[in-house]
Amino acid sequence: MHVLSVSSLKGGVGKTTVTLGLASAAFSKDIRTLVVDLDPQSDVSTGMAVDVAGHLTVTDVLTSPKKKIVEQAIVASGWTKIHPGKIDVMIGSPSAINFDGPHPSIRDIWRLEEALAHVEEEYDLVLIDSAPSLNALTRTAWAASDRVAVVTEPGLFSVSAADRALRAVEEIRRGLSPRLQPLGIIVNRVRPQSMEHQFRIKELRDMFGPLILNPQLLERTSLQQAQGAAKPVHVWPGDTAQEMAKNFDSLLDRVLRTGRVGEYADGAPPEPSAVVPSTVSPAAIDAASTTED
């Protein structure tokens, strides 16, 4: 079972949309997938058409990560009404914010890892939609993960947040979870005609090199439409939706290849992670802030 956290230390960059896109790609490939809704906004649960009535939530799991509780907090996505497949959701809850303090104990950080151990034979892939901060929930997600995908957009503050996220991943790897590695940076909501966006993308590539994942995700209303209708983007009509579906297929292929999941299970060893580069220089930030769209 390969566990990927989809993370950002800045809200509003489309982290949950990326999680849903990767989940849609996994569903289309019939990969046994669990999506953990660890963001207190609980948008993944809504976007995957989950019926929460009568079920426990991730809050109950973090309170007591016992097998029975974990099983009662996991339900099938409503997407399975479209076509059969195993894609489940650990239901999110706004009360998960109570576990997002700035100074978690070691015991608290490992609760999700303990919970996922109870279901590791049931899934090939786990996607965690983590909270947009570096408090306890994100650290809990990363401690349970093999890789972290950092979502950003081509903006000055998002570039800085991506750098902080990679630094934090390295900190967790060195101090808590040696298996944790960055998958890379997913650049979202790109407008190709924007000179500002092109400048930021170049800045990202100069700073992070091979950690910038391809393809970049263009800003498309079809993603928001599919998410609003609680449907996977792979079944949403229209050319732009299918374009985005192919992009998520490519990103998922990187996840599967790296984690040796599915068709890659018996293949070559996982790809090594790129070295996390040095922090953003003040000069680079100053230069970037002078550009105009």
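Look up: the structure comes first, before these words.
Residues numbered from 1 in each chain as written. Predicted model: local features only at pLDDT ≥ 70, side-chain atom pairs only at ≥ 80, totals over all residues. Heavy atoms only, no water.

A. Representation of the packing of helix H8 (residues 156-175) against helix H9 (residues 195-208). The N-to-C vectors of H8 and H9 enclose an angle of 20 degrees; their axes lie 10 Å apart at closest approach. Between H8 and H9, the interaxial angle falls into the category roughly parallel. Considering how the two elements wind past one another, H8 and H9 form a crossing that is right-handed. Residue-level inspection shows Leu156, Val159, Ala162, Asp163 and Leu166 of H8 in contact with H9, the latter providing Arg200, Glu203, Leu204, Met207 and Phe208. Looking at side-chain class alone, the contact of H8 with H9 contains seven nonpolar, no polar and three charged residues. (Axes fitted to C-alpha atoms, helices over the stretch in contact; angles between N-to-C directions. Helix = DSSP H or I, 4+ residues; strand = E, 2+ residues; numbered from the N terminus. Parallel < 35°, antiparallel > 145°, perpendicular 65-115°, else oblique. Left-handed = near helix turned anticlockwise from the far one by under 90°. Contact = heavy atoms within 4.5 Å. Nonpolar A, V, L, I, M, F, W, Y, C, P; charged D, E, K, R; others polar.)

B. Representation of the pairing of strand E5 (residues 125-129) in the model. Most of E5 is tucked away, with five of its five residues classed as buried. Burial along E5 is two-sided: the residues Leu125, Leu127 and Asp129 and Val126 and Ile128 are all buried. Looking at chain direction, strand E1 (residues 2-7) and E5 are connected through five bridges and run parallel. Bridging across to E5, Val6 finds its partner in Asp129. (Buried < 20%, exposed > 50% of the residue type's maximum accessible area, 1.4 Å probe, protein only. Pairing = 2+ DSSP bridges.)

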